[in-house]
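Remarks on the overall topology
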Amino acid sequence: MTYGDGGGAKKAGKKASAEESSYNKPLPRATLNPEVSKPFWDGTKKHELWIQYDRRNNKFVFPPREVSPGDLTPMDELEWTKVSGKGRVYSYTMVYQSVIPAFNEDVPYVNATIQLDEGVRMTGNVLGLTEKQKTNHELRSNQRVEAVFDDVTPDWTLVKWQIIDDEEPPAPPSKE
Amino acid sequence: MATEYKKPVPRPSVNPEVSAPFWAGTKKHELWLQYSKGSQKFFFPPREVSPGDLTPMEELVWTQVSGKGRIYSYTTIYQPAMAAFAEEAPYVHALIQLDEGARMVGNIVDMTEDEVRNNSLQINTRVEAVFEDVTPEWTLVKWRRIED
Amino acid sequence: MSFRGEAAIIGIGELPTQRTTLGRSMPGLLGDAARLAIHDAHIKIEDVDGIITEGGDTYPAFVAEYLGLRVRFATGSSMMGASGATGVALASMAVMNGLANYVLVCIAQARNPALGGGAEGFPGHGSEFDFPYGPAAGANNGYGQIYQRHMELYGTTQEQLAHVASNQRFNAQGNPNAVFDGQPITHQDVMDSRYVNYPLRLLEVVMPCGGAAAVIVTTAERAAASLNKPVYVLGGGIGLDDFGGMQKPEITVSPVARSAPIAFNMSGYSPRDIEFAEFYDCYTILESMCLEDAGLVPKGEIGPFFESTDTTYKGEFPINTDGGQLSAGQPGLAGGFRHVVEAARQIMGKAGVRQIERNDLGLVNG
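Residues numbered from 1 in each chain as written. Chains lettered and ligands numbered in written order. Predicted model: local features only at pLDDT ≥ 70, side-chain atom pairs only at ≥ 80, totals over all residues. Heavy atoms only, no water.

**Remarks on the overall build of chain A**
In terms of helices and strands, chain A carries four helices and eight strands. Shown N-terminal to C-terminal, the secondary structure of chain A runs as helices and strands in the order α-α-α-β-β-β-β-β-β-α-β-β. Residue burial in chain A is summarised as follows: out of 176 residues, 45% are buried. Sequence-distant contacts in chain A: of pairs separated by 6 or more residues, those separated by 24 or more amount to 57%. (Helix = DSSP H or I, 4+ residues; strand = E, 2+ residues; numbered from the N terminus. Buried < 20%, exposed > 50% of the residue type's maximum accessible area, 1.4 Å probe, protein only. Contact = heavy atoms within 4.5 Å.)

**A short note on the interface of chain B and chain C**
Listed as interface residues are 15 residues of chain B and, on the opposing side, 18 residues of chain C. Together chain B and chain C conceal approximately 1300 Å² of surface at their shared face, both sides included; 58% is due to carbon and sulfur atoms. By the criterion of area lost to chain C, the three top residues of chain B are Val14(B), Glu48(B) and Leu54(B), representing 42% of everything that side buries. Across the contact surface, chain B and chain C share one salt bridge. Two residues, Glu48(B) and Arg24(C), come together in a salt bridge whose shortest N-O distance is 2.4 Å. The tally of links between chain B and chain C comes to eight residue pairs in polar contact (both at pLDDT 80 or more). Here the residues of the side of chain B that touches chain C sort into seven nonpolar, four polar and four charged. (Buried area = accessible area lost by both parts, 1.4 Å probe. Salt bridge = Lys/Arg side-chain N within 4 Å of Asp/Glu carboxyl O. Polar contact = N/O pair within 3.5 Å; in protein donor to acceptor, adjacent residues only side chain to side chain. Nonpolar A, V, L, I, M, F, W, Y, C, P; charged D, E, K, R; others polar.)

**Regarding the interface of chain A and chain C**
Each partner contributes to the interface: chain A provides 47 residues, whereas chain C provides 35 residues. Where chain A touches chain C, the interface holds zero salt bridges. Where chain A touches chain C, the interface holds 32 residue pairs in polar contact (both at pLDDT 80 or more). At the level of elements, helix 3 (34-45), strand 4 (86-95), strand 5 (109-116), strand 6 (121-127) and strand 8 (157-163) of chain A are the ones that each hand at least two residues to the side of chain A that touches chain C. The leading source of residues in the side of chain A that touches chain C is strand 4 of chain A, at six residues. For the side of chain A that touches chain C, the class distribution of residues is 28 nonpolar, 14 polar and five charged. Taken together, the two bridges between strand 4 of chain A and strand 5 (residues 195-198) of chain C define a ladder with antiparallel strand orientation. (Pairing = 2+ DSSP bridges.)

**So, the arrangement of the chains**
There are two pairs of chains in contact here; the most contacts are made by chains A and C. A gap remains between chain A and chain B, with no contact made and the closest C-alpha atoms lying 13 Å from each other.

**Here's the deal with the nonpolar core**
Soluble, globular proteins show a tendency: their nonpolar side chains are buried together. Judged by nonpolar contacts, the single largest core of 69 residues is most densely connected at Phe40(A), Leu49(A), Ile51(A), Leu116(A), Val126(A), Trp161(A) and Leu296(C). Broken down by element, the residue count for this core peaks at five residues, all from helix 10 (residues 284-293) of chain C. With near-sequence residues (within four places) excluded, Leu49(A) lies in contact with Phe40(A), Thr81(A), Lys82(A), Val83(A), Gly85(A), Leu116(A), Met122(A), Ala147(A), Phe149(A), Val159(A) and Trp161(A). Within the second largest apolar cluster, 64 residues are counted, among which are Leu54(B), Val88(C), Val215(C) and Met348(C). (Core = buried A, V, L, I, M, F, W, Y, C linked by side-chain atoms within 4.5 Å.)

**As for the side chain of Ser68(A)**
Residues and elements named next belong to chain A. Along the chain, Ser68 turns up in the loop between strand 2 (59-61) and strand 3 (78-82). At 2.7 Å, the side chain of Ser68 and the side chain of Asp54 are in polar contact. Sequence-distant contacts of Ser68, defined by excluding residues within four places in its chain, comprise Asp54, Lys59, Val61, Thr73 and Leu78.

**Overview of unusual backbone geometry**
Residues and elements named next belong to chain A. The omega angle of the peptide bond from Phe62 to Pro63 is -10°, so this bond is cis rather than trans. A cis amide bond links Val107 with the next residue in sequence, Pro108, at an omega value of -10°. Relative to the assigned elements, Pro108 resides in the loop between strand 4 and strand 5. The backbone phi angle of Asn142 is positive, close to 75°, even though this residue is not glycine. Relative to the helices and strands, Asn142 resides in the loop between helix 4 (131-135) and strand 7 (144-151).

**A word on helix 1 (residues 26-40) of chain C**
Residue and element names in this part refer to chain C. In a regular helix each residue adds 1.5 Å, so 15 residues correspond to 21 Å; helix 1 covers 21 Å between its end C-alpha atoms and thus fits that length. Within helix 1, 13 of the 15 residues are buried, which leaves it mostly tucked inside the rest of the structure. One side-chain oxygen at the N-terminal end of helix 1 lies 3.2 Å from the backbone nitrogen of Gly28; it belongs to Ser25. Just downstream of helix 1, His42 is the residue with a positive phi angle, here 55°. (Expected span 1.5 Å × (residues − 1).)

**Describing the sheet that holds strand 3 (residues 73-76) of chain C**
Residues and elements named next belong to chain C. Here six strands make up an open sheet; going across it, the order is 3-2-4-7-1-8 and the pairing mixed. Strand pairing shows two members of the sheet lacking a second neighbour, strand 3 and strand 8 (231-233), which therefore form its edges. Taking each pair of neighbouring strands and ignoring which way they run, the sheet shows an average axis angle of 25°. The pairing of strand 2 (residues 50-53) with strand 4 (residues 102-109) spans three bridges and is parallel. Residue pairing across strands places Ile52 opposite Val105, the latter belonging to strand 4. Across the sheet, helix 2 (residues 60-67) lies against strand 2, strand 3 and strand 4, angled at about 120° from strand 2, the strand it touches most. (Axes fitted to C-alpha atoms, helices over the stretch in contact; angles between N-to-C directions.)

**Considering the state of the cysteines**
Residues and elements named next belong to chain C. Counted by the stated rule, this structure contains zero disulfides over all chains. Not engaged in a disulfide, the cysteine Cys106 finds its nearest cysteine sulfur in Cys209; these two sulfurs lie 20 Å apart. Here Cys282 stays unpaired: no disulfide links it, and the sulfur of Cys290, its closest cysteine neighbor, is 7.9 Å away. Looking at Cys282, the relative accessible area reads 7%, which means it is buried. (Disulfide = S-S within 2.5 Å.)

Rendered as structure tokens:
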């Protein structure tokens, strides 16, 4: 069985540059609908976090979809909205053995679920832990984090997360 | 030559080891089928258990059969699924009931285009296996009409 | 409307779980498991008039053809590891409504690198939004996160959950079908095993294997005449959660929180009546959260429970008496089905050296 065709980069007709080929970890590969998630990746290239917003139900939606989950609001009513990029660690695992060989150079590293202040959760790596913090598994749920943007190739920018000190309460979803 | 044969060769996808004796037989221009000691019957395609009585693999015996049978039914193909067959259309794609009981799929060779177009082939026509070495690796079973 | 007591399992078949099933295919394994179940049920193959398969690679029309069955009821049950347990619920509904008299539920997993296998993952958002961040293999990543959160929310410790693995390994020493039969481990061995991804240690993670299982489900009326002690299906619920799980309201709660109340209501029994449990256990943490969600242990108290309870087949509350998937091996799609088969085996009194004494009422999460 095969699922999808290699995703957004291929669809957009981009060619792998020398620099791109030196990045040996997986790039985002949209298997469901590359068109729908394109604004997300366009946003990360500008070092901005953009998420679909379902105005009818006043909630954010992630990953990008053609209908909003739970209420099936149609795509034309889902508005791409720039969000704060701040949130909290919901949970995490410290990876010692990755399914993808290229990541095994980096072990152990943090693979976390981040709860954005806007409500949705995203997967990502939390950066900046010391070796001692990693060894002792010192990261805790609710740790405040902020998105940072990693231009891993000329075509792709991944969202990662750094620990921050702000203790602002989570902002409610915007009514605006 | 393998490179000249454009049509699909057999691609065992369920269990190549189980059907290997069948294809080893066709290479020798012999027809070998599994025989179930449990139900005392031949069956096809090859399996790890015999259908209907689930006799386990170790009690299934590969046995050479007569290679004779009858047309059970057939269809005349004008529009093949695969492009490589297009130049031969129309042609007959038949179900053969072997004298030993099992049924196989195959083409009827030695038919004129008129015979094919007039659908002159009759059910129960006696046929016999012929073997076509389509590549160095693969020999297909086809069928020709006989008088016996 | 319910199927309480309307249907029963009267025959079981299980192949030994193996690291690889070289030379074997899914339908071939199904044939062997089906034969064992049909013989165990003391019925004729021609009596089987219904079939339930996983429905993906082993779609019912092909399996019925391969096995030579002439059925009047057939369907797939495509619920991944839960396909077999779901299939038993579907079979119960079928026989009580007259769609069939004897339904064969059969699930297999071939594991043969030469024939390829399901290493490509499932269609979904993973390849776009998860893979770039280096997940651990398969479900390890998500269960690591669930484990970490359960520890923080409830004070659960790795020492506590290591008992799940060591107790079940003890049970597997009484199960010749278990891949780890003959390889006992201690609690300390679990704690000493390396991290795959914190907090998951290697011996808390299931090992992928091949195998197959089958059962025969019939009406209570026909079951009453069975030579086996009928294993009546008293209640069942079929829950489902997000596959990715990223956006679940609370990742430490499983769909058992929704399916178990349905099963208990249907049965007329409550969690305190349950004598033993056969629970899906791809990871120590998954089994633990499901035992909580079924109401067998209050939410958040699974750690102290395992610390203070002997859950071996010799203990006061036996769990996964055949070693579970952690110690018998996980035969892929048939993984959860093994729990159904073991529960039936215990109720029939056919569990040999690992037979439990209080064996009338069990709870299965497949």
